[in-house]
Amino acid sequence: MNTFKLTVSTPNGNVFKGDAVKLNLRGASGDLAVMAGHIPFITTVKEGEFSVDLPEGERKSGNIGGGLLTVSKDAVILLSGSVKFDK
């Protein structure tokens, strides 16, 4: 299973930093999923639910207050004013 480096940050610091298999969220043009090897792009992120699939098979999900997503060859960075993971 291929992974990529994911950082999820708010103004208060990183809320997640590690390997991920898939990131699901709502971008400017609709729902999207980012996986390892995805073509680089930048998009705004809409407020709503999101999830991160981890290599161990676990899924972390929660809500995001909108923001910016940057996908590059080496890493994926999600910046938001607020992120809350479900318990």
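In the block above lies the structure referred to throughout.
Here the structure is a predicted model, which is why all the values come from computation and not from measurement.

Within this model, the largest pocket holds a volume of roughly 160 Å³. Lining the largest pocket are 13 residues, and of these Gly 48, Glu 49, Phe 50, Ser 51 and Gly 62 sit closest to its centre. Elements that contribute at least two residues to the lining of the largest pocket include exactly strand S3 (22-27), strand S6 (48-53) and strand S7 (59-64). Broken down by element, the residue count for the lining of the largest pocket peaks at 4 residues, all from S6.

Along the polypeptide, Ile 42 turns up in strand S5 (residues 41-45). Judged by its relative accessible area of 60%, Ile 42 falls in the exposed class. Distance in space between the C-alpha atoms of Ile 42 and Lys 17 is 19 Å, their sequence separation being 25 residues. In contact with Ile 42, other than residues within four places in its own chain, are Leu 68, Leu 69 and Thr 70.

What follows concerns the nonpolar core. Grouped together as the largest cluster of nonpolar side chains are 19 residues, with contacts concentrated most on Leu 6, Leu 23, Phe 50, Val 52, Leu 69 and Val 76. Only strand S1 (4-10), strand S2 (13-20), S3, S6, strand S8 (67-71), strand S9 (76-80) and strand S10 (83-85) provide two or more residues apiece to this core. Looking at which element gives the most residues to this core, the answer is S1, with 3 residues. When near neighbours in sequence (up to four residues on either side) are disregarded, Leu 69 contacts Leu 23, Leu 25, Leu 32, Val 34, Phe 41, Ile 42, Thr 43, Val 45, Val 76, Ile 77 and Leu 78.

One pass over the full model with this rule turns up 1 aromatic pair. Between Phe 50 and Phe 85, the ring centres sit 5.4 Å apart and the planes meet at 55 degrees, which makes this aromatic pair tilted. With Phe 50 in strand S6 and Phe 85 in strand S10, this residue pair connects regions lying 35 residues apart in the sequence. In terms of burial, Phe 50 and Phe 85 fall into one category: buried. Sitting over the face of the ring of Phe 85, Lys 60 holds its NZ or CZ atom 4.7 Å from the ring centroid.

Rules of the game
Residues numbered from 1 in each chain as written. Predicted model: local features only at pLDDT ≥ 70, side-chain atom pairs only at ≥ 80, totals over all residues. Heavy atoms only, no water. 1 Å grid on protein atoms, 1.4 Å probe; cavity = no way out; pocket = protein on both sides within 12 Å on 5 of 7 lines; lining within 4 Å. Points joined across faces, edges and corners; volume = space filled by probe spheres on them. Helix = DSSP H or I, 4+ residues; strand = E, 2+ residues; numbered from the N terminus. Buried < 20%, exposed > 50% of the residue type's maximum accessible area, 1.4 Å probe, protein only. Contact = heavy atoms within 4.5 Å. Core = buried A, V, L, I, M, F, W, Y, C linked by side-chain atoms within 4.5 Å. Phe/Tyr/Trp six-rings, centres within 6.5 Å; stacked < 30°, edge-to-face > 60°. Lys NZ or Arg CZ within 6 Å of the ring centre and 35° of its normal.

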